[in-house]
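Single-letter residue listing:
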Amino acid sequence: MKYINTDNLTAINYGDGNIKLMIYNKHKSPYGYSPRDLVVSLFAISIKEFTYKYVQEQVDKVYSTFNYDEIHKLITKINNNE
């Protein structure tokens, strides 16, 4: 099982061909760290179905504005870790 993280996104690759997306809300703390609050944790899907479009659709359901560069970073990290 591998955890692939960006600031607000986490993908969990189970190693059996399935991957799960978790969407967080990261906010700055005056104490020097940045806590992440879980917004939604989705069911695992086939890694073939886990595309940029899928992640974008899921993010758009919970965020009205989102930096899509973060989705690109997540997909790149997943492709490099396989």
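Residues numbered from 1 in each chain as written. Predicted model: local features only at pLDDT ≥ 70, side-chain atom pairs only at ≥ 80, totals over all residues. Heavy atoms only, no water.

What should I look at first to understand the overall build of the protein chain in this one?
Looking only at helices and strands, the protein chain has two helices and five strands in total. Overall, the protein chain shows an N-to-C arrangement of helices and strands of β-β-β-β-β-α-α. Relative to the globule expectation of 12 Å for 82 residues, the C-alpha radius of gyration of the protein chain, 13 Å, shows essentially globular dimensions. Taken over the C-alpha atoms alone, the protein chain extends approximately 40 × 25 × 20 Å along its principal axes. For the protein chain, the residues scored as buried account for 35% of the 82 residues in total. Pairs at least 24 residues apart make up 44% of the contacts formed inside the protein chain by residues separated by at least 6 positions. On the protein chain, the mean spot of the 10 positive side-chain charges and the mean spot of the 9 negative ones are 4 Å from each other. (Helix = DSSP H or I, 4+ residues; strand = E, 2+ residues; numbered from the N terminus. Rg over C-alpha atoms; globule rule 2.2 N^0.38 Å. Buried < 20%, exposed > 50% of the residue type's maximum accessible area, 1.4 Å probe, protein only. Contact = heavy atoms within 4.5 Å. Lys, Arg positive; Asp, Glu negative; His and termini not counted. Charge placed at Lys NZ, Arg CZ, Asp CG, Glu CD.)

Would you mind going over helix H1 (residues 52-62) with me for this structure?
For an α-helix, 3.6 residues make a turn, and residues three or four places apart therefore share a direction. Looking at H1, one finds that the buried residues are Tyr 54, Val 55, Gln 58 and Val 59. All buried residues of H1 lie within an arc of 125° about the axis, which places them on one face of the element. (Arc of directions from axis to C-beta.)

In this structure, what is going on with the nonpolar core? I would like to understand it.
The nonpolar side chains of soluble globular proteins are, as a tendency, buried together. Counting residues in hydrophobic clusters, the biggest one holds 18 residues, and the most contacted among them are Leu 9, Leu 21, Phe 50, Val 55, Val 59 and Leu 74. Those elements that provide at least two residues to this core are strand S2 (9-13), strand S3 (18-26), H1 and helix H2 (69-81). For this core, the element with the most residues is H2, which contributes four residues. Those residues in contact with Leu 21 that lie beyond four places of it in its chain are Leu 9, Thr 10, Val 40, Ser 41, Leu 42, Phe 50, Tyr 54, Val 55, Gln 58 and Leu 74. (Core = buried A, V, L, I, M, F, W, Y, C linked by side-chain atoms within 4.5 Å.)

I'm lost on the packing of H1 against H2 in this one. Help?
How two helices pack is summed up by the angle between their axes together with the distance between the axes. Viewed as axis vectors pointing N to C, H1 and H2 meet at an angle of 140°, and their least axial separation amounts to 10 Å. When the interaxial angle is binned, H1 and H2 end up oblique. Judged by the twist between their axes, the crossing of H1 over H2 is right-handed. When H1 is examined against H2, the residues Tyr 52, Val 55, Gln 56 and Val 59 are found in contact with a partner set consisting of Ile 71, His 72 and Ile 75. In terms of residue class, the contact of H1 with H2 is built from five nonpolar, two polar and no charged. (Axes fitted to C-alpha atoms, helices over the stretch in contact; angles between N-to-C directions. Parallel < 35°, antiparallel > 145°, perpendicular 65-115°, else oblique. Left-handed = near helix turned anticlockwise from the far one by under 90°. Nonpolar A, V, L, I, M, F, W, Y, C, P; charged D, E, K, R; others polar.)

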